[in-house]
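Each chain is listed here by its residues.
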Amino acid sequence: MKIQVRVSHEKDTKYASLICQKIKESAKIRGTGIAKKDPEYIKLKMIHGNAIVAFYNGELAGFSYLEIYQNKEFVVNSGLIVFPEFRKKGLAKIIKIEIFKLSRKKFPNSKIFSITTSNPVIKINTELGFKPVSFNELTQSEEFWKGCKSCANFDILTKNKKKMCLCTGLLYNPHQDKNLKNKNTKNNYLSSGDKILLAYSGGLDTSYCLKYLIQEKKYEVHTVIINTGGFNKNELEKIENRAISIGSKSHKEIDAIEEYYQNCIKYLIFGNILKNNTYPLSVSSERIFQAIKIAKYANFIKAKAIAHGSTGAGNDQIRFDIAFQIVCPEKITLSPIRDMKISREKEIEYLKNQGISICWNQAKYSINKGIWGTSIGGKETLTSYHDFPEDAYPTKFSSIKKSEKLELEFEKGELISVNKEKNKAVKNIIKIKEIASEFAIGRGIHIGDTILGIKGRVAFEASAAIIIIKAHHLLEKHILTKWQLYWKEQLSNWYGMLLHEAQYLDPVMRDIEKFLKSTQERLTGTVDIVLYPYRFHLVGIKSKFDLMASSNIAQYGEMNYAWSAEDVKGFTKILSNQMKMYHNLKNKE
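Residues numbered from 1 in each chain as written. Predicted model: local features only at pLDDT ≥ 70, side-chain atom pairs only at ≥ 80, totals over all residues. Heavy atoms only, no water.

A. Main features of unusual backbone geometry. Its identity is not glycine, yet N277 carries a phi of approximately 60°, on the positive side. Tracing the chain through its elements places N277 in the loop between α10 (257–270) and α11 (282–301). For N277, a relative accessible area of 70% gives the class exposed. Backbone geometry places L281, a non-glycine residue, at a positive phi of 55°. With respect to the helices and strands, L281 occurs in the loop between α10 and α11. The exposure class assigned to L281 is buried, which follows from its relative accessible area of 0%. (Helix = DSSP H or I, 4+ residues; strand = E, 2+ residues; numbered from the N terminus. Buried < 20%, exposed > 50% of the residue type's maximum accessible area, 1.4 Å probe, protein only.)

Next up, the structure:
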């Protein structure tokens, strides 16, 4: 079963005659209602996008349209029809909700009304916030009441001087929206002047969203940026100034770097997590934390809706939407670029027409920076075969040194010092990045599976993340047991995949984190590394928990002290028992 309910367009005009026929048949059976409509009139409604059409498994199944009266003071939702063979499938309610949403979107300040004899339709309207009213509270336009002439009950209407009939009048007044007690109505629909929180990065997409929501929708828009290590003080100031200049009512910068480390990066290190053995989940891990912080701030400022600038073809839209649905489920989520499928060129043109010209089209690459790495997208990453140019990476190879030594010290899995200088983990990550970036280390191109089921290709540079993960993994190989390493790898892969696919808030993630943390109890020691241009070499480790240091048992390939030759012979006999049985039976075949 597939139900599709959408706004009409010109290609739907082929259904006009069929719709008029179905309206007439339905009115005849009920003995009430508008008995006749002109197909040409219905076609105009479709062409101008003033109608809703419904399909069931690809077949036309229902319809409704809107009309405006008294200089847009009133909008009527009319002509609701569900074809008999598709009734009792919930279509009427979906169509009614969609025509109501369309009316509010196109005419946010208009009163919306409906007249009907159908009890189910009255119930749906009431749930949407309509109230029963007398006819004198509806439009007084003669044009509207002329439409009732074809109804079987028109004489009742005229006898009562248009004050009442068999139909019930229902009215939705947007100016009373804030006073409605019905929470669903309050939360599911937006009016001009409503408070919106926009996740704002200062780039083209979010700048377009900011101007569009203010200029076209008349919302009161506030902006917020969550810093997870991708912005310096100067950049944050420029972003705030841009937001305010475009029209944001307020702008908030929230520092979440330490929280991001404690709740995520730490476990990415514990798990040695590289997506497809390549990508350190730089941006994908950041987004869910940014989304959670944005949702909490939306609750704090009591915004009615949250907006983001994601397109419909990427992973970030999923991460934002899921976090918002869980942290603040009562708030509406807006995504103008995704919803309208607007191109980058159209965004630039719109902003220029609004007097906002910041040379957006000079940026060839989409760059997302964070403390755990930078991802870069461009025309090369849209193909499977183009290499990524040297000058597209944000940091440039600049070291005059042939090599440089680096010593990292871990304590219970956490990075506590760099080159014997102790500091907080976040400061250590930044320090490694500053040292290693000069050598252009940590660059790569990742190809992976998106949440949407398509393949995605992205370039990245994450010198600190790659070096720390590889150094940590080397230390683990010396300290942990074979089965600790094996099961860590299994659960770490799941943790990385679930994090990438926006499942961070699933409780299983807390369970895996407890396991990962428990494996780090002995993970203390130092790792020596040598940096070279575009690569690095792991030299070795020193740790009091190094299992190689148990030289009183054996030294691999040299001498053993804890077993005899006869012990090994007996061990190999037992170890090979099942294989011998298998091959003996196979030989008999």
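There is more to say after this.
B. Quick peek at a negative patch on the surface. Together, E237, E240, E253 and D255 line one region of the surface with negative charge. Tracing the chain through its elements places E237 in helix α9 (residues 233–246). Given a relative accessible area of 39%, E237 falls into the partly exposed group. (Patch = residues over 30% accessible without salt bridge, like charges linked within 9 Å, V, L, I, M, F, W, Y side chains within 5 Å. Areas by Shrake-Rupley, 256 points an atom, 1.4 Å probe, with all protein chains shown as cover. Salt bridge = Lys/Arg side-chain N within 4 Å of Asp/Glu carboxyl O. Lys, Arg positive; Asp, Glu negative; His and termini not counted. Charge placed at Lys NZ, Arg CZ, Asp CG, Glu CD.)

C. Just the nonpolar core, in detail. Among the nonpolar cores identified, the biggest contains 75 residues, and W372, L408 and I468 are the most heavily contacted of them. Sequence-distant contacts of L408, defined by excluding residues within four places in its chain, comprise L415, S417, V418, I432, I467, I468, A471, G525, T526, V527 and I529. In this structure, V5, V53, L66 and I112 belong to the second largest nonpolar core, which totals 38 residues. (Core = buried A, V, L, I, M, F, W, Y, C linked by side-chain atoms within 4.5 Å. Contact = heavy atoms within 4.5 Å.)

D. Structural detail: helix α16 (residues 463–479). Here α16 spans 25 Å end to end across 17 residues, near enough to the 24 Å set by a 1.5 Å rise per residue. The element α16 is largely enclosed, with a buried count of 14 among its 17 residues. (Expected span 1.5 Å × (residues − 1).)

E. How the structure looks around the packing of helix α17 (residues 482–500) against helix α18 (residues 507–518). Orientation of α17 relative to α18, taken along the N-to-C sense of each, is 145°, at an axis distance of 10 Å. Crossing angle aside, the handedness with which α17 passes α18 is left-handed. Residue-level inspection shows W487, K488, L491, S492, Y495, L498 and L499 of α17 in contact with α18, the latter providing V508, M509, I512, E513, F515 and L516. Looking at the contact of α17 with α18 residue by residue, the class counts come to 10 nonpolar, 1 polar and 2 charged. (Axes fitted to C-alpha atoms, helices over the stretch in contact; angles between N-to-C directions. Left-handed = near helix turned anticlockwise from the far one by under 90°. Nonpolar A, V, L, I, M, F, W, Y, C, P; charged D, E, K, R; others polar.)

F. Molecular detail of the sheet that holds strand β21 (residues 535–542). Here we have 5 strands laid out as an open sheet, ordered β17-β16-β15-β20-β21, and antiparallel in their pairing. Looking along the sheet, the strands with just one partner apiece sit at the ends: β17 (421–422) and β21. Bridge analysis of strand β20 (residues 525–532) against β21 gives 7 bridges, and the strand direction is antiparallel. Residue pairing for β21: I529 is matched across the bridge by L538. Contacts between helix α15 (residues 425–437) and the sheet are confined to β15 (404–411), β16 (414–418), β17 and β20, with β16 contributing the most and set at about 55° to the helix. (Pairing = 2+ DSSP bridges.)

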